[in-house]
Amino acid sequence: MSALPSPLIPMTVGAVVFVGYVALSRLGSSPAQARRSTAKDAPRSRYGRTLAAAGLTDARARAIFALVHAGTTAAGLLAGAWLASGPAAAAPAKLILASLGGWIGWWIPMSWAQGRATQRRVDLLTEFPVALDLLQIALEGGMGLDAAWADVASQLSRGQGGLAQEMAHVELEVRFGTTWSNALEAATERTGLAEFRSLGSLLEQTERFGTEMARMIAVMSDSLRHDDVQAIEERAHRASVMLLLPLAGLLLPGSLILMFAPPFILLVEGIGGATP
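In this report, we go over the structure that sits alongside the text. (Residues numbered from 1 in each chain as written. Predicted model: local features only at pLDDT ≥ 70, side-chain atom pairs only at ≥ 80, totals over all residues. Heavy atoms only, no water.)

1. Some points on the packing of aromatic side chains
The following threshold applies: For Phe, Tyr and Trp, rings pair up if their centres lie within 6.5 Å, where Trp contributes its six-membered ring, and each pair is then called stacked (planes under 30 degrees apart), edge-to-face (over 60) or tilted (otherwise). Every helix listed is a DSSP run of H or I at least four residues long, and every strand listed is a run of E at least two residues long, numbered separately from the N terminus. Buried, partly exposed and exposed residues are distinguished by accessible area as a fraction of the type maximum, computed with a 1.4 Å probe on protein chains only: under 20%, between the cut-offs, and over 50%, respectively.
Taken as a whole and assessed by the stated rule, the structure comprises six aromatic pairs. Both rings, one in Phe65 and one in Trp112, keep their centres 6.1 Å apart while their planes meet at 25 degrees; by these two values the pair is stacked. Within this pair, whereas Phe65 is found in helix α4 (residues 59–83), its partner Trp112 is found in helix α5 (residues 91–140), the two being separated by 47 residues in sequence. Its relative accessible area of 8% is what places Phe65 among the buried residues. Residues Phe128 and Phe196 carry aromatic rings whose centres are separated by 5.2 Å and whose planes lie at 90 degrees to one another, so their mutual orientation is edge-to-face. Taken together, the residues span a long stretch of sequence, with Phe128 in helix α5 and Phe196 in helix α9 (residues 194–209) at a distance of 68 residues. Just as Phe128 is buried, Phe196 falls in that class too. The structure contains a cluster of three or more aromatic residues connected by ring pairs, namely Tyr47, Phe65, Trp106 and Trp112.

2. A few points about helix α3 (residues 46–53)
Of all eight residues that make up α3, six are buried, and the element is covered over most of its length. Gly55 occupies a position one or two residues after α3 and carries a positive phi of about 95 degrees.

3. Remarks on the nonpolar core
Let me state the cut-off plainly: Here, nonpolar core refers to any group of buried Ala, Val, Leu, Ile, Met, Phe, Trp, Tyr and Cys residues whose side-chain atoms link them within 4.5 Å. The contact criterion used is simple: two residues touch if any of their non-hydrogen atoms lie within 4.5 Å.
Formed by 31 residues in total, the largest nonpolar core has its most connected members in Phe128, Leu135, Trp149, Leu163, Met167, Val170 and Leu199. Going through the elements one at a time, α5, α6 (145–156), α7 (162–175), α8 (180–191), α9 and α10 (213–274) are the ones with two or more residues in this core. Considering every element that reaches this core, the biggest residue donor is α5, with seven residues. If near-sequence neighbours (up to four positions away) are discounted, Val170 is found in contact with Trp149, Trp180, Ala183, Leu184, Ala187 and Arg190.

4. Regarding a nonpolar patch on the surface
To keep it simple, the criterion reads: Patches here: salt-bridge-free residues with over 30% relative accessible area, like charges joined within 9 Å, nonpolar side chains (Val, Leu, Ile, Met, Phe, Trp, Tyr) joined within 5 Å. We get accessible surface area from the Shrake-Rupley algorithm with a probe of 1.4 Å; when it comes to residues, only the shown protein chains can shield them. Any Lys or Arg side-chain nitrogen found within 4 Å of a carboxyl oxygen on Asp or Glu counts as a salt bridge.
Together, Trp82, Leu83, Leu97, Leu100, Trp103, Ile104, Trp106, Trp107 and Ile108 line one region of the surface with nonpolar side chains, adding up to about 910 Å² of accessible area. Listing elements by their share of the nonpolar patch, those giving two or more residues are α4 and α5. No other element matches the seven residues that α5 contributes to the nonpolar patch. Position of Ile108 relative to the elements: it lies in helix α5. When its relative accessible area of 47% is taken as the criterion, Ile108 is described as partly exposed.

Written as structure tokens, this is what we have:
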């Protein structure tokens, strides 16, 4: 195996250091800071928001991800540099292959994190109406908001869902003096789920105007379920329209052949038989 081109070795080392520094610097707050976090303290960078939405809120887990991210970027750079190390390869080709390998190494972990964030957002949205129903029942049973929230988070934690983790995070922030609206706004920033912000606005309005909290939460839960049904119906209609494209592409050519091929064959045979 041929040696790596000497200019690519410092470039690889520099890329690894740069990726590790950028990733670690954009991860967000530490666990101690998370106890006092608000929406203003939520991760502002796209990298930090992606990891938070993927459920990597622990500082150790995010640091491990950053190191793995830097390692895959280095591996991609080294693989591209190795492929470009042939004596016949031109300098621009070497640079392009090394850069392409580094980009692939950068993209693979980020693609995994974005996919996990999307799936986690879907799971949170699915569990959210159930949590609202449990919260409504607890409030109607005479519990205060703090106790009802803690009880619902405890019940949801038995299923190892992501919503229980977020509710526990919100509960911890409220215990350290953050208002409900700010804590739920921070949950929206972490997860990308606007329903947390809507719930924070609802709690703020019920506190300001003195409306019945359990009843408003029930209305919000019914609204979310209605939106889910509408989204399912919209996807079903869109799927039926999308099915027309493969049906037209597969059935139309065969139908045209069945319709026009026999007359065309008879016409050709007739012309050939009439020719002396």
